Amino acid sequence: MSHNKDIELKPVPTHVAIIMDGNGRWAKSHGLERTVGHVEGVNTVHRITQAASDMGVKYLTLYAFSTENWNRPQEEVDALLNLISIALEQETPALIENNAKLEIIGDIDRMPDDARQRLNRSMEATAHGTGLTVVVAFSYSSRWEITRACAKLAQEAIEGKIKPEEITDEVISQHLTTAPYPDPDLLIRTGGEMRVSNFLLWQIAYSEIIVSPTYWPAYTVEEFQANIDAYRGRERRFGRTSEQVSSDK
Ligand code: FPP
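Conventions and cut-offs
- Residues numbered from 1 in each chain as written.
- Predicted model: local features only at pLDDT ≥ 70, side-chain atom pairs only at ≥ 80, totals over all residues.
- Heavy atoms only, no water.
- Axes fitted to C-alpha atoms, helices over the stretch in contact; angles between N-to-C directions.
- Helix = DSSP H or I, 4+ residues; strand = E, 2+ residues; numbered from the N terminus.
- Parallel < 35°, antiparallel > 145°, perpendicular 65-115°, else oblique.
- Left-handed = near helix turned anticlockwise from the far one by under 90°.
- Contact = heavy atoms within 4.5 Å.
- Nonpolar A, V, L, I, M, F, W, Y, C, P; charged D, E, K, R; others polar.
- Buried < 20%, exposed > 50% of the residue type's maximum accessible area, 1.4 Å probe, protein only.
- Core = buried A, V, L, I, M, F, W, Y, C linked by side-chain atoms within 4.5 Å.
- Near = heavy atom within 4 Å.
- Polar contact = N/O pair within 3.5 Å; in protein donor to acceptor, adjacent residues only side chain to side chain.
- Areas by Shrake-Rupley, 256 points an atom, 1.4 Å probe, with all protein chains shown as cover.
- Salt bridge = Lys/Arg side-chain N within 4 Å of Asp/Glu carboxyl O.

Caption draft 1: Seen up close, the packing of helix α2 (residues 34–55) against helix α7 (residues 221–232). At a minimum axis separation of 10 Å, α2 and α7 run at an interaxial angle of 45 degrees. Taken together, the axes of α2 and α7 are oblique relative to one another. The interaxial crossing formed by α2 with α7 has right-handed handedness. Where α2 abuts α7, its residues Arg47, Ile48, Ala51, Ala52 and Met55 lie against Val221, Phe224, Gln225 and Ile228. Split into classes, the residues belonging to the contact of α2 with α7 amount to 7 nonpolar, 1 polar and 1 charged.

Caption draft 2: Fine view of the environment of glutamate 68. Mapped onto the secondary structure, glutamate 68 falls in the loop between β2 (59–66) and α3 (74–97). Note on glutamate 68: relative accessible area 39%, which makes it partly exposed. Sequence separation between glutamate 68 and threonine 241 is 173 residues, and the spatial gap between their C-alpha atoms is 38 Å. What glutamate 68 contacts, discounting residues up to four positions off in sequence, is Tyr63, Ser141 and Asn198.

Caption draft 3: Structural view of the nonpolar core. Core analysis: the largest hydrophobic core is formed by 40 residues, its most contacted members being Val16, Ile18, Val136, Phe138 and Phe224. Looking at this core, the element that brings in the most residues is α3, giving 6 residues. Sequence-distant contacts of valine 136, defined by excluding residues within four places in its chain, comprise Leu62, Ala64, Leu88, Leu102, Glu103, Ile104 and Ile105. Judged by nonpolar contacts, the second largest core, of 13 residues, contains Ala17, Ile105, Ala137 and Leu200.

Caption draft 4: Summary view of the site of the ligand. Around the ligand, the surrounding shell holds 18 residues, and the nearest of these are Asp21, Gly24, Arg25, Arg34 and Arg72. Between an oxygen atom of the ligand and a side-chain N or O atom of aspartate 21, the distance comes to 2.9 Å. A distance of 2.8 Å separates an oxygen atom of the ligand from a polar atom in the side chain of arginine 72. With the chains in place, 92% of the 620 Å² that the ligand exposes on its own is no longer accessible. Examining the composition of the shell around the ligand, we find that 5 residues originate from one element, α2, more than from any other.

Caption draft 5: Focus on the pattern of salt bridges. Tallied over the entire structure, the rule returns 13 salt bridges. Among the ionic pairs, aspartate 21 bridges to arginine 189, the shortest N-O distance being 3.0 Å. One end of the pair, aspartate 21, is in the loop between β1 (15–19) and α1 (23–29); the other, arginine 189, is in strand β5 (residues 186–189), and 168 residues separate them in sequence. Given a relative accessible area of 4%, arginine 189 falls into the buried group. The shortest N-O distance in the salt bridge between glutamate 193 and arginine 25 comes to 3.7 Å. Note that glutamate 193 is positioned in the loop between β5 and β6 (208–211) and arginine 25 in helix α1, a separation of 168 residues in sequence. Classification of glutamate 193 as partly exposed rests on a relative accessible area of 26%. Ionic contacts of the salt-bridge type, sharing partners, join the residues Asp21, Arg25, Arg189, Glu193 and Arg195 into one network.

Interpretation note: all reported values are geometric properties and have no functional meaning in isolation.
Set out below in structure tokens:
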């Protein structure tokens, strides 16, 4: 893309998904317990949620706890479940004030009752928000949801509700936990690792990807803004040539 001053920036992304990585390493680099890194991570969630809402982002999906995270030491799992559910409960008034809505994707039946009830209360309290939707991926993994979608479709086929030839990519999208949301325009991963880690594998087929070296607790609104600006300067071709994209304008 040329760098003259007539450069046309794309609009702010409608949907930003974030892999919030690096809490543990941030804590270690400061000589602190891993859990302190997660506590600091909550502050970053607060700042970035506010910034996304201010910028006019419509959907912010945050990878808070993966299916694989259940394998961490029990002490850290318990700390994370409590921390995340309590943090979201405490964030609820701010979400309401920003006209934002909280939704959860993932296998929340695996969560302890008290944490699940906290999340359900926060979702109910924000259900009327029409601004930013904050989608928290909790006990989520992409292979889990794709497997679940396949099982549902197989069941519908057995019941004669759908024929194999009617299974299109839209039908598959409608059977994922993300059915209500458009696919992410931008995926940001903090903490420097070049991996997707079982997050939204189907949905990020055409997403732009930015990996920030910054650990999540240290990730600032300025860097988020810079990442959004970098996205806005990129051309999305969806498999077409640059010339085809330009002739659409
Ligand atoms: C990755 O850091 C982060 C997590 C597994 C948990 C993310 C949770 C939060 C940021 C808490 C708040 C979330 C919400 C939605 C309120 P890591 O521990 O894998 O870091 P490491 O790779 O440095 O070990």
